[in-house]
Each structure stands twice: as C-alpha cells, then as structure tokens.
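# Commentary on secondary and tertiary structure
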Amino acid sequence: MRSTEVSSAPGDLGWNRETATLALLSFAMLIVSLDQYIVVVALPDIARDLGYSAQTLQTVISAYAVASAGFLLFGGRAADLIGRRRILATGLALYAGAALAGGLATGAGILLAARAFQGLGGALVFPTTLALINTTFPEGRARNRALGIWGGAGAAGLVIGVLVGGLLTQAFGWEAVFLVNVALAGPAMLLAFVLIPPDGEREKGRKFDLPGALSVTLGVTLIVFALVQGPGLGWLSPGILISAAAGLLLIAAFAVIERRSADPLMPPRLLSNRNLVTGVLIAFMFMATFGSVLYFLSIYFQEILGFDALETGVGFLIPTAVVVAGSTTAGQFVTRFGLRQTLTAALAIGAVGAVLLGFATSPDGSYVELVPGLVALSLGDGVVFTAMFIAAATGIADRQQGIASGVASTGSGIGAAVGLAILVLVATAGLGDLTGERLRIATADGIRTALFVVAGGIAVTLLVAVARCPTPAAPEPTPVPRQWRRC
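Residues numbered from 1 in each chain as written. Predicted model: local features only at pLDDT ≥ 70, side-chain atom pairs only at ≥ 80, totals over all residues. Heavy atoms only, no water.

The subject of this paragraph is the nonpolar core. Grouped together as the largest cluster of nonpolar side chains are 128 residues, with contacts concentrated most on L88, L111, W150 and L370. The biggest single contributor to this core is helix α10 (residues 274-304), with 14 residues. If near-sequence neighbours (up to four positions away) are discounted, L88 is found in contact with L25, A28, V125, T128, T129, L132, A192 and I196. (Core = buried A, V, L, I, M, F, W, Y, C linked by side-chain atoms within 4.5 Å. Buried < 20%, exposed > 50% of the residue type's maximum accessible area, 1.4 Å probe, protein only. Helix = DSSP H or I, 4+ residues; strand = E, 2+ residues; numbered from the N terminus. Contact = heavy atoms within 4.5 Å.)

Encoded structure:
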C-alpha cells in the first residue's frame, strides 16, 4: 500500500502532517476573515427583524471590529506563553459559541454581545494561526509558500464573506450567516487537537504581564470604539472624546509599564526590528484602503445598481477568484523577486484598480464597467495581504512569533477602523436630508470620491514600501541565511 506521507524537498509542501496543519490553520484564518463582512449583506434584514435604526445598525459590524482589534495583542502574547494549540482551540470554541448565540438572538443587545465575543474569538485565532505558520515552517521559501496559502485563505475570506452572506441570507434568512460559523469553527476546534502537537510546559521565568495586557487591551478598545462610533455619534460628543482621551492615556500607561516590566508583554526590542515595523505600517494602510472597499462596493451594488442580497454576493465572485490567485502566489513572488519588488508592484496595480473603479462608479453605471478595476484592485489586495505578513515575521525568534503576529494584526485592525471612519465621512459628506433619486446620485458620487481617496492611500503605502525595504534581521539564536540579506 502506498504511504499517505510523501517526503518533500526543502521549500516544498508535499502531503504530510505539516501540510495538514497548514490546511487547518488556513481554514481557521478563513473562518475569522469570513465573519468580518459576512453580515454586511444581511444588515437590512437584521435591522427589520431586531429593530435597529439607521444610526445603530453599523454597531453590528463595529462590535466585532472593536473587540477584535482590542484583544489581538493579548491573543498573540497568550499564544506565546500559555500555548498555541490551547489558545487556538479556545478561540475557535468561543467563536462557535458566540455564533450560535448570534443565530438565536431575539434582540439587538444579545446580537451585539454575540458579535463582540466573536471578535474576541477572532483576536485569539488570528495571531495564533500566524504564529503557528511561522514556527512550523522555516524562514525562506517554505514559509513564504505556507504564508501564501494562509494569506490566500484570509484575503479570500474577506470577499467570500460577502458572497456567502448574500447566498445564505437569500436562502435561509439572516440567522444563517451566524449559524454557519458553528458548522465551520466546531470541527476546526476538534482537528486542532488531532493535528497540532501538544503545547510544552510553560517556560520558566516568563510572566504574562497582566498590567500591560489590561492597559493596552482597554486602550486599543477605547480608541477603536471612538474611531468606529465617531461618525455616528459626532466627533465632539462627550462619549467619543472621553473614549479617545482615556484610550490614549492607557496606551501611554502601557508604554511606561513595558519599560519597567522584567518580562514585558511587547518586548521593546521587537520594535527595533525594521521588518516588523514596516509590516505593521503596511498592514495598517492595507486595511484602511483595500479593506474598506468591500463595504462601499456592497452599498453600491445594492443601493445604486439595485442588486438584491443574492446578486450582491454573486457580484463578488470575480474579486474572490482574483484575490485567492494573488494571495496564494504572493509567497512565490517574494521568494523570487524580493519583498520590495513584490509589494511595490502589487500596490501600484492596486492603486490603478482603485482609480479605475472610481471612474466606473456612477449613478448610471453597470457591473461590467467595474470589472477591470475589480480585477486590478483584487490582484493587488491578494498579493499585499500575504507579503505584509511575510515582512512582519522576518527575523523574529520563534518564542516571540505570537506577540509579533499580535502586533501586526493589531495594526491591521486599527487600520480598518481608521480607514472606514474617514472614508464614511468622505462618502457621506453633503448627503444631508436628500431623498429619492437625489440621494441615490449623491451616494454614487460619494462612493466615487471615497475610491479616489483609497487610491491615494494605496499610493502612500507604496511610498512606505519603497522607503522601508524589508531586510531580514537575525533572530536569536538562529542566524538568517545569507540569501535573505538582500531584497
């Protein structure tokens, strides 16, 4: 009988336990990404059944975003100290339980609580899957290919979420967009115990740094809350000002705590790694630009082109396919051409795509006119998503991969909140009390302006990539191979 395990040359991904683990981690990442936008298409039905107003409906999305962004650093550090398999399984269990509560929710409060706990589960799963990839595969070709597959699942999940959300809402109602996560996260949690090796004993002398964890988690949560809720409540409202001020004070307190801690939550030496800082900057800008486009496209499809939930989901088939192709091949591009060349080319293509989408967006536009821009933007989206996490992981020691992953994913989470807050202001400026056809025309014009702003933001990100070429720093105790010393 032929063996089910095939030996692989270095850098190849033959079928073995590592490949099975990669498949599980990519699937877990798909689940987390999927849920960020799976509810977008279902929002009108949720509002009708649970009594949300136009002003409060966005909290269904923001409850997830706030909880997720606030706990990413916590999740990454917990993975390093408590054990990556334990944290991954805990996050998936929390995800499945919260999804079940959301699908059975009979009131707005219960649904918001479920979304917040889903965000917490995502904050445990996201950095843990990334850390497990980076510690399972050695830096270089093998890790790049693995991150390409993982990144393809993550980037595709953002787009697939809208597609699946439309299909499920049309066929079974909005509850299905929550209950589907029970069917996905439950089996993934069980497989984690089968495929991922048991966590070893906790390293002696390493502490969790609870004061640092509490201060940064609450600080980031309050800042993201202010950014997400600012457009709706008013930037000068007492709640927003108090949240922003308290969040900044807590972040300042976190910096002081870290300097004095014997075993800090985020070791200061991490921030001296140029690659990690570059990866965080690009992750922030990526989610502020590429990551915000899905929201506006969903609105454009439904409110301007008149698509229903199912048609809106189908409209994302093309970008989904392109994103998957870009993400899964990004690792090979990085190995062959280097991070700088890969990132700058992908960002340039993405910027062109955003411009093309902007020109194609109009009150009398059609889906066909959007296709060239969708293809270019989605290609850039997929490649950058993978490449930015390759940059962030380069030169980081295995024992710190969890917290490094938490730092990078926190940058992306905050970027999503900042970008959407700014772009919503841009897109809705001047709408005022418009109604009917005038409102439809003004909405299309606002989305067009927002897409041009996205293009500008991507151009700025390109400059960051050119100026800060990621070059490997040697992790301790393993030195970086010579071939990684040049981009």
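Next up on the list: the packing of α10 against helix α16 (residues 436-467). At a closest axis distance of 10 Å, the pairing of α10 and α16 adopts a crossing angle of 165°. In terms of orientation, α10 and α16 fall into the roughly antiparallel class. Between α10 and α16 lies a crossing of left-handed hand. (Axes fitted to C-alpha atoms, helices over the stretch in contact; angles between N-to-C directions. Parallel < 35°, antiparallel > 145°, perpendicular 65-115°, else oblique. Left-handed = near helix turned anticlockwise from the far one by under 90°.)

This next bit is on the side chain of S405. Looking at the secondary structure, you find S405 in helix α15 (residues 401-428). What S405 contacts, discounting residues up to four positions off in sequence, is P127, L130, A131 and N134.

Right, let's talk about the packing of aromatic side chains for a bit. On inspection of all chains with the given rule, the structure shows 15 aromatic pairs. Taken together through their ring pairs, the aromatic side chains of F126, W150, F286, F290, F385 and F389 make up a single cluster. (Phe/Tyr/Trp six-rings, centres within 6.5 Å; stacked < 30°, edge-to-face > 60°.)

When the terminal C-alpha atoms of α10 are compared, their 44 Å separation across 31 residues agrees well with the 45 Å that a helix rising 1.5 Å per residue should span. The largest bend in α10 comes to about 35°, at F286. Its side-chain oxygen 2.9 Å from the backbone nitrogen of N275, N273 forms the N-cap of α10. Positioned one or two residues after α10, G306 has a phi angle of 80°, which is positive. (Expected span 1.5 Å × (residues − 1). Bend = angle between axes of the 7 residues up to and from the residue. Polar contact = N/O pair within 3.5 Å; in protein donor to acceptor, adjacent residues only side chain to side chain.)

Read these as geometric descriptors, not functional statements.
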